[in-house]
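Survey of secondary and tertiary structure
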Amino acid sequence: MNKLNLKMKNLLALSILAALSICSVQADTLTLNSSGATFPAPIYGRWFAEYSKLHSDVHINYQSVGSGQGIKSFVDGLTDFGASDAAMSDADIASVKQGGVVLLPMTAGSIVLSYNLPGVTGAVQLPRDVYPAIFLGEITKWNDPKIAAANPGLKLPDLPITVAYRADGSGTTYNFTNHLAAISPDFKTKVGGGKLVKFPVGVGGKGNEGVAALIKQTPGTIGYVEYGYALQIKLPMAALQNQAGKFVAPTPESGSTALGQVELPENLRAFVTDPAGDGSYPIVTFTWWLCHTQYTKPGVADAIKALAAWCLTDGQKLAPDLGYLPLPANVVTKVQTAVSTIK
Amino acid sequence: MQTATAPSPAAGTRWIGNKWAQRSKIFDAFFSWATFVASWGTVALLLWIALEVGYAAFPAVRQYGLGFIIGTQWDPVNDQYGALPLIYGTLVSSALALLIATPLGVAIAIFVTEDYLPLKVRNVFKFLVELLAAIPSVIYGLWGIYVVIPITTPLGNWLNGHLGWIPLFSTPSSGPGFLPAAFVLAIMILPTIAALSASALKTTPMPLKEGASALGATRWDVILQISLPIAATGIFGAAVLALGRAMGETMALAMLVGNNNQISASLFAPANTIASLLANSFGEATGLQVAALMYLSFILMMLTLGINAVAELILERTGATTRHL
């Protein structure tokens, strides 16, 4: 008994020590908690790491839990700022107890159509009436006359088309399906736009990596992934026909051109579902930070403002390397004005 | 202990000894109280989870009622939710897995209970099969993607090309689907079936086997006509328990089943299961979709609880319990 008691006491003491050491934080560091979209997580991770190197008094936690969860945590006051690919609905904004909300577009990205066509070299061009039809299951062969007509230089194989989509709810699906709904009335009525939709055909993969694995594995598969991800693992990307009728390959330039077409409204919430302009790549999206207009915790407002200011200037330079689109100058100016209203 | 039992003439020491005995009594009482709380706490936790899930599912239950179970659309855009393709996918993938795993598992069980090999070798063999249960689900999923699917895809396409008129082979393989999912699932539930079937087979009384042999029965006769019939209920129970485990399996299935909410008779068509849909769509779900997902979890919970209860009842009757698992 004696020995046992001693052991238990030791154990207790040890566990208290362990708990204490976990809890201890440096008193002079300010920690900002944030969570949200997975799509911009790589660039946010880089930004926050770089920023903490320059400002050792600020530490930023970012959990990439998905836009929906990011909004929820922000509304519940669990985080200092949230992040979302689908901005935030008016209903969600109204449910925030602590004053108003500022939406800040912080970076942007393109969504590309990647495919697996053995023996086909050179980018496949997909017309505006073709790629929605592929995702509706109406065009089922790669040598369909409609695809062949747009690609006179390519010898397209007699392969069935397998559609690969995101099985998990995601901002990528949200922006991709909203684009399809904008250019195809058929897609709008049969499927519609959302974070998780019911595609009539195809197989679902979890995350960008799941869709990429599906594409890589089965010849004839086409799927949508983020540009940065496709670039990183060297998937071929289709050139898409834009509103002006031109076939445009996804590049940082064509993406930025598309973003430049948008006139941001007062609340900075705009979805670029079908950008105009000859050089615009058609599927681009902003992604937002969700901040309070007023912070009660001392120092938080200033820290967020300083962080946002850095991300909008120096941070933007990191975007192309990571596969994101730098914000156009006119957008940056507008966001900076919005940042200055945070108190 | 030693202080309490050691004989000591000094009264002072005896007094200390009594004190220790008293303390140990208090400790015993405390310990039995703690185990009581812990065990009832577990039961309460189960009820609490069920209540909580049911409560969160309530908006969907009110909206869709029992029609939810037979609805075939899962359309978050229009807030239309029906669980039938998911229930179908869950049951079919688990049943297929069971169909593959049961013969294999029983064969393994016979092999390790008969003395074909020295006991030491059999124990190593048994250990290796049980080790399959220790492999994380996600590893099975990756293995499925990079090893199983490249094998099942050409196989599926060949069968579809030559025997496409059979409903089972009516679609070409699109990579993920029922077949690779069921195959990997079968390997995951194999240890459960093998271990429980082996313990059921061990309950065959030795005198019966020896008597049959003495009467001229071959080993083949003994296995088929004595051991297996006696163990049959236990093996059935093992299969039902494995079914319950297969139905709740999530990660490997989410990676292999194709995540398409459709009902297709084809083995090669993509499908979806309840657990996989839950894992995939919870993160971004809002409003009524959350309630619908909770309703779905409630259905899955009831299904697996029911199946596990049936399995435990069967195993209880045969004496082959899950104790050693």
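Rules and cut-offs
Residues numbered from 1 in each chain as written. Chains lettered and ligands numbered in written order. Predicted model: local features only at pLDDT ≥ 70, side-chain atom pairs only at ≥ 80, totals over all residues. Helix = DSSP H or I, 4+ residues; strand = E, 2+ residues; numbered from the N terminus. Rg over C-alpha atoms; globule rule 2.2 N^0.38 Å. Buried ≥ 20, exposed ≤ 12 C-beta atoms within 10 Å, placed from the backbone. Contact = placed C-beta atoms within 7 Å. pLDDT = per-residue confidence, 0-100. Nonpolar A, V, L, I, M, F, W, Y, C, P; charged D, E, K, R; others polar. Core = buried A, V, L, I, M, F, W, Y, C linked by C-beta atoms within 7 Å. Pairing = 2+ DSSP bridges. Expected span 1.5 Å × (residues − 1). Bend = angle between axes of the 7 residues up to and from the residue. Right-handed = clockwise from strand over helix to strand, strands pointing away. Axes fitted to C-alpha atoms, helices over the stretch in contact; angles between N-to-C directions. Left-handed = near helix turned anticlockwise from the far one by under 90°. Parallel < 35°, antiparallel > 145°, perpendicular 65-115°, else oblique.

**Some points on the overall build of chain B**
Scanning chain B for helices and strands turns up 12 helices and two strands. When the helices and strands of chain B are listed from N to C terminus, the series reads α-α-α-β-β-α-α-α-α-α-α-α-α-α. Rg of the C-alpha trace for chain B: 26 Å, well past the compact-globule value of 20 Å for 325 residues, more than 25% over. Its C-alpha atoms give chain B principal-axis dimensions of roughly 90 × 65 × 35 Å. Every one of the 325 residues in chain B was classed for burial, and the buried ones make up 37%. Excluding contacts between residues fewer than 6 apart, the proportion of contacts in chain B whose partners are at least 24 apart in sequence is 74%.

**Looking at the overall build of chain A**
Of regular secondary structure, chain A possesses 13 helices and 11 strands. Seen through its principal axes, chain A has C-alpha atoms that stretch 80 × 60 × 35 Å. When each of the 343 residues of chain A is scored for burial, the buried share is 48%. Here the analysis covers contacts within chain A between residues at least 6 apart in sequence; of these, 72% occur between residues at least 24 apart.

**So, the confidence of the model for chain B**
Residue and element names in this part refer to chain B. On average, residues of chain B carry a pLDDT of 87, and 92% of them reach 70 or more. When pLDDT is averaged over each element of chain B, helix α4 (residues 84-113) comes out on top at 94 and helix α1 (residues 2-5) at the bottom at 47. Within the model, pLDDT remains below 50 along residues 1-11, and this stretch shows 12 contacts once partners closer than five positions in the same chain are excluded. Low pLDDT, under 50, characterises residues 321-325; the predicted model gives this stretch five contacts beyond four residues in sequence or across chains. Predicted complex metrics record ipTM = 0.78 and pTM = 0.82.

**Observations regarding unusual backbone geometry**
A positive phi angle, close to 50°, is found at A87(A), a residue other than glycine. In this structure, A87(A) sits in the loop between β3 (81-84) and α4 (90-94). The residue D79(B) is not glycine, and still its phi comes out positive at about 55°. Residue position: D79(B) is located in the loop between β1 (74-75) and β2 (80-81). A residue is classified by how many C-beta atoms lie within 10 Å of it, and D79(B), with 13 of them, is partly exposed.

**What to know about the interface of chain A and chain B**
Listed per partner, the contact involves 28 residues of chain A and 31 residues of chain B. The class makeup of the residues in the side of chain A that touches chain B is nine nonpolar, 15 polar and four charged.

**Observations regarding the nonpolar core**
Among soluble globular proteins, nonpolar side chains are generally buried collectively. In terms of nonpolar packing, the biggest core is built from 164 residues, with L104(A), L113(A), L290(A), L185(B), I189(B) and A242(B) touching the most fellow members. Here this core gets 18 residues from one element, more than from any other, and that element is helix α7 (residues 178-202) of chain B. In this structure L185(B) touches S93(B), S94(B), A97(B), A246(B), E249(B), A252(B) and L253(B), once residues within four positions along its chain are discounted.

**What to know about the sheet that holds strand β5 (residues 125-126) of chain A**
Residue and element names in this part refer to chain A. Spatially, three strands are ordered β5-β9-β10 in an open sheet, and the strand pairing comes out mixed. A single partner strand is all that each edge strand has here, and the edge strands are β5 and β10 (247-248). Note that strand β9 (residues 239-241) and β10 share two bridges and pair antiparallel. Counterpart to Q241 in the pairing with β10 is F247.

**Brief notes about the environment of V37(B)**
Residues and elements named next belong to chain B. If you trace the backbone, V37 turns up in helix α2 (residues 11-64). Using a count of 11 C-beta atoms within 10 Å as the deciding quantity, one classes V37 as exposed. Residues V37 and P229, spaced 192 residues apart in sequence, show a C-alpha to C-alpha distance of 42 Å.

**Some thoughts on α7(B)**
In a regular helix each residue adds 1.5 Å, so 25 residues correspond to 36 Å; α7(B) covers 34 Å between its end C-alpha atoms and thus fits that length. By the largest-angle criterion, I189(B) marks the main kink of α7(B), which is about 40°, and a proline, P191(B), follows within four residues.

**Topic: the pairing of strand β1 (residues 30-36) of chain A**
Residue and element names in this part refer to chain A. Where β1 lies against strand β2 (residues 58-64), seven bridges are found, and the strand directions are parallel. Counterpart to N33 in the pairing with β2 is N61. Note that the unit made of β1, helix α2 (residues 41-54) and β2 has a crossover that is right-handed. Pairing of β1 with β3, which is carried by three bridges, proceeds in the parallel orientation. Residue pairing for β3: S35 is matched across the bridge by G82.

**Remarks on the sheet that holds β2(A)**
Residues and elements named next belong to chain A. The strand order across the open sheet formed by eight strands is β2-β1-β3-β11-β4-β8-β6-β7, and the pairing between neighbours is mixed. Because the sheet does not close on itself, it has two edges, and the strands there are β2 and β7 (203-205). Between one strand and the next, the sheet's axes are offset by a mean angle of 25°, whatever the strand orientation. Relative to β7, strand β6 (residues 162-166) runs parallel, the two being bridged by three bridges. Note on β7: the bridge partner recorded for Y165 is G204. Most of the contacts of helix α3 (residues 67-75) go to β3, to which it runs at about 155°, and overall it touches β1, β3 and β11 (284-292).

**Quick word on the packing of α4(B) against helix α9 (residues 219-248) of chain B**
Residue and element names in this part refer to chain B. Here α4 crosses α9 at 145°, and the two axes come no closer than 9 Å. Crossing of α4 over α9 shows right-handed handedness. On the side of α4, the interface is formed by T90, S94, A97, L98, A101, T102, V106 and I110, while α9 contributes I223, I235, A239, A242, L243, A246 and M247. A class-by-class count of the residues in the contact of α4 with α9 yields 12 nonpolar, three polar and no charged.

**Quick look at the pairing of β6(A)**
Residues and elements named next belong to chain A. Of all five residues in β6, five are buried, a share of seventy percent or more. Here β6 shows no split at all, with T162, A164 and R166 on one side and V163 and Y165 on the other all buried. Where β6 meets strand β8 (residues 221-226), three bridges bridge the pair, whose relative direction is parallel. Across the sheet, the residue bridging to T162 is T221, located in β8.

**A closer look at helix α11 (residues 252-260) of chain A**
Considered for burial, the residues of α11(A) that qualify are S254(A), G255(A), S256(A), T257(A), A258(A) and L259(A). Each element contacted by the buried residues of α11(A) is listed here: β4 (101-115), β10, β11 and α13 (329-340) of chain A.

**Notes on the packing of α4(B) against α7(B)**
All names here are of chain B. As a packed pair, α4 and α7 sit with axes 5 Å apart at the nearest point and diverge in direction by 40°. Between α4 and α7, the angle falls in the class oblique. Judged by the twist between their axes, the crossing of α4 over α7 is right-handed. Considering only residue class, the contact of α4 with α7 consists of 23 nonpolar, six polar and one charged.

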